[in-house]
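One letter stands for each residue in the lines below.
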Amino acid sequence: MEITTEIESEENQPLLGSSINNGLINQQKKESIWKQTFDPSKKFYRYFSLVFICLLTTGPYFCYVLPGALEKEFEHDLDISTTKFTIFTSLYSWPNIILCFFGGFLIDRVLGVRFGTILFSCFVTIGQIMFAFGAYTKNIWLMYIGRFVFGLGGETVSVAQKAYCVTWFPSKELNLVFGFIASSALLGSSINQIMMNPIYDFISKYKSGYECLGSAIFLASITAIGSTCCAFILSPLHKYRKRILRVTTKKLLTEEKIKISESLKFPLQVWLVIIICLVFYSATFPFISLGKLYFIKKYGSSSTSASFQQSIFFFWNCDLFANFWKNC
């Protein structure tokens, strides 16, 4: 009887072992499904990450056009002239005349795309918060400094965004991807033109004057914070991709070095594109900065109606960019 009991107890061991083995098999299956789903070489991983890449500039572009959406309120609440108001836009543009070039060089050769994206996104958020705090306390110089800091990161984030795209996506997908990121940025601008007036009107029920304006800008800063969060999310995604596709990354790193002097050897087509962009931006963005007040004074539009009329430009380009790049 004792022998039988020992044999029976031994026969029970494999059953316990098999349950453990089944658990390990199930865990391995779950891990394999996870690896297959988030395989950096697959389309799903790239396009899942593209959502965060697109959102990198949605917040900055939302905040960039904010003064234009509330131009009348800025001038009234802060008691400033139109000339002083236009400085908000100029302070964003001045550092980017040179910084876009050197920022791209820093991202390529010094900071890396991960740290560079996080750093310049933080500039955007810090600058926007300074801008909002300056408005809330009616400190114009703090607003100017905040806008300048915001400009230090604004367009350089776009450079980092394109660096992610070129690194992650094959050439046959780049046109469509560039269309998506351009559309998402303009979508942020168009939403700002429509939303900021209702937001300001709502806050005006509880606060007045420059405190109301500052509160509205603080609320808009959430979009910049969200874009900065996307930069932090992209960092581990890029690191994981780099670790899994190590061979491909090494090949990319051993490519020929970038020389600044080579920019002088650009073909004529490149310079023509640069001239087109120069003419386009010099005509478009000053109008965006002052267009709302123009619609109000020239055509007698209400503040909300003028903001909507100005947003048509962005909504039109959201669809146009995506379709244009897709067919290129």
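Residues numbered from 1 in each chain as written. Predicted model: local features only at pLDDT ≥ 70, side-chain atom pairs only at ≥ 80, totals over all residues. Heavy atoms only, no water.

What is the right way to look at the overall build of the protein in this model?
Tallying secondary structure elements over the protein gives twelve helices and zero strands in all. Reading the helices (α) and strands (β) of the protein from amino to carboxyl end gives α-α-α-α-α-α-α-α-α-α-α-α. Of the contacts made within the protein by residues no fewer than 6 positions apart, 77% connect residues no fewer than 24 positions apart. Of the accessible surface of the protein, which amounts to about 18700 Å², a share of 68% is contributed by carbon and sulfur atoms. (Helix = DSSP H or I, 4+ residues; strand = E, 2+ residues; numbered from the N terminus. Contact = heavy atoms within 4.5 Å. Areas by Shrake-Rupley, 256 points an atom, 1.4 Å probe, with all protein chains shown as cover.)

How do you make sense of the packing of helix α2 (residues 43-64) against helix α9 (residues 209-244) when you look at a structure like this?
Relative placement of two packed helices is described by the angle separating their axes and the distance separating the axes. Where α2 contacts α9, the axes come no closer than 8 Å and their chain directions differ by 150°. Judged by the inter-axis angle, α2 sits roughly antiparallel to α9. The handedness of the crossing between α2 and α9 comes out as left-handed. Residues Tyr-45, Phe-48, Ser-49, Phe-52, Ile-53, Leu-55, Leu-56, Thr-58, Gly-59, Pro-60, Phe-62 and Cys-63 of α2 lie in contact with α9, whose contacting residues are Ala-220, Thr-223, Ala-224, Ser-227, Cys-230, Ala-231, Ile-233, Leu-234, Leu-237, Tyr-240 and Arg-241. Considered class by class, the residues forming the contact of α2 with α9 number 17 nonpolar, five polar and one charged. (Axes fitted to C-alpha atoms, helices over the stretch in contact; angles between N-to-C directions. Parallel < 35°, antiparallel > 145°, perpendicular 65-115°, else oblique. Left-handed = near helix turned anticlockwise from the far one by under 90°. Nonpolar A, V, L, I, M, F, W, Y, C, P; charged D, E, K, R; others polar.)

Explain the nonpolar core to me, please; I cannot follow it from the model alone.
A general feature of soluble globular proteins is that nonpolar side chains tend to end up buried together. With 58 residues, the main nonpolar core has Phe-74 and Met-196 as its most contacted residues. Secondary-structure elements contributing two or more residues to this core are α2, α3 (66-69), α4 (71-78), α5 (82-111), α6 (113-136), α7 (140-168), α8 (171-203) and α9. (Core = buried A, V, L, I, M, F, W, Y, C linked by side-chain atoms within 4.5 Å. Buried < 20%, exposed > 50% of the residue type's maximum accessible area, 1.4 Å probe, protein only.)

Where do I start with the pattern of salt bridges in this structure?
It is possible for side chains bearing opposite charge to pair when their charged atoms get close. Within this structure, the stated rule accounts for one salt bridge. Its salt-bridge partner being Arg-46, residue Glu-173 comes within 3.1 Å of it at the nearest N-O pair. Residue Glu-173 is located in helix α8, and its partner Arg-46 is located in helix α2; the two are separated by 127 residues in the primary sequence. The pair Glu-173 / Arg-46 is uniform in exposure class, with both members buried. (Salt bridge = Lys/Arg side-chain N within 4 Å of Asp/Glu carboxyl O.)

Can you help me understand the packing of α2 against α8 in this one?
Viewed as axis vectors pointing N to C, α2 and α8 meet at an angle of 35°, and their least axial separation amounts to 8 Å. Along this stretch, α2 crosses α8, giving a crossing that reads as right-handed. Contacts between α2 and α8 involve Lys-43, Arg-46, Tyr-47, Leu-50, Ile-53, Cys-54, Thr-57, Thr-58, Tyr-61 and Phe-62 from the first element and Glu-173, Val-177, Phe-180, Ile-181, Ser-184, Ala-185, Gly-188, Ser-189, Ile-191, Asn-192 and Met-196 from the second. Class assignment of the residues belonging to the contact of α2 with α8 gives a composition of twelve nonpolar, six polar and three charged.

Can you walk me through the environment of Ala-216 in this structure?
With respect to the helices and strands, Ala-216 occurs in helix α9. The exposure class of Ala-216 is buried, given its relative accessible area of 0%. In the structure, Ala-216 is positioned 80 residues away from Tyr-136 in sequence and 9.2 Å away in space, judged by C-alpha atoms.

Help me understand the confidence of the model for the protein in this model?
Close inspection of predicted coordinates is inappropriate for parts of the model with low pLDDT. Overall, the prediction assigns the protein a mean pLDDT of 76, with 70% of residues at 70 or greater. Taken as a whole, residues 1-20 scores under 50 in pLDDT and shows zero contacts with residues more than four places along the chain or in a different chain. (pLDDT = per-residue confidence, 0-100.)

Would you mind going over the packing of aromatic side chains with me for this structure?
In this description, a pair of aromatic rings is defined by centroid distance and the angle of the planes. Evaluation of the coordinates by the stated rule reveals 18 aromatic pairs. Here Phe-74 and Phe-131 contribute two aromatic rings whose centre-to-centre distance is 6.0 Å and whose plane-to-plane angle is 20°, an arrangement assigned as stacked. One end of the pair, Phe-74, is in helix α4; the other, Phe-131, is in helix α6, and 57 residues separate them in sequence. The class of Phe-74 is buried, set by a relative accessible area of 0%. (Phe/Tyr/Trp six-rings, centres within 6.5 Å; stacked < 30°, edge-to-face > 60°.)

Help me understand α4, please; the structure alone is not making it clear to me.
Most of α4 sits out of view: six of its eight residues are buried. Where α4 is concerned, the buried positions are Glu-71, Glu-73, Phe-74, Glu-75, Asp-77 and Leu-78. Immediately downstream of α4, the backbone of Asp-79 shows phi near 55°, a positive value.

Where do I start with a nonpolar patch on the surface in this structure?
Taken together, the side chains of Phe-266, Leu-268, Val-270, Trp-271, Leu-272, Ile-274, Ile-275, Leu-278 and Val-279 define a hydrophobic patch exposed on the protein surface, amounting to about 840 Å² of accessible area. Within the secondary structure, Val-279 is located in helix α11 (residues 268-299). (Patch = residues over 30% accessible without salt bridge, like charges linked within 9 Å, V, L, I, M, F, W, Y side chains within 5 Å.)

I'm lost on α7 in this one. Help?
Because the α-helix completes a turn every 3.6 residues, residues three or four places apart line up on one side. Compared with an ideal rise of 1.5 Å per residue, which puts 29 residues at 42 Å, α7 spans 42 Å between its outermost C-alpha atoms and is within 8% of the ideal. If you check the start of α7, you find a side-chain oxygen 3.4 Å away from the backbone N of Trp-141, and it comes from Asn-139. (Expected span 1.5 Å × (residues − 1). Polar contact = N/O pair within 3.5 Å; in protein donor to acceptor, adjacent residues only side chain to side chain.)

Can you walk me through unusual backbone geometry in this structure?
Of note, the phi angle at Asp-79 is positive, near 55°, even though the residue is not glycine. Assignment of secondary structure puts Asp-79 in the loop between α4 and α5. Its relative accessible area of 63% is what places Asp-79 among the exposed residues. Unusually for a residue other than glycine, Lys-138 sits at a positive phi of about 55°. Within the secondary structure, Lys-138 sits in the loop between α6 and α7. Relative accessible area serves as the criterion here: at 37%, Lys-138 is assigned to the partly exposed category.

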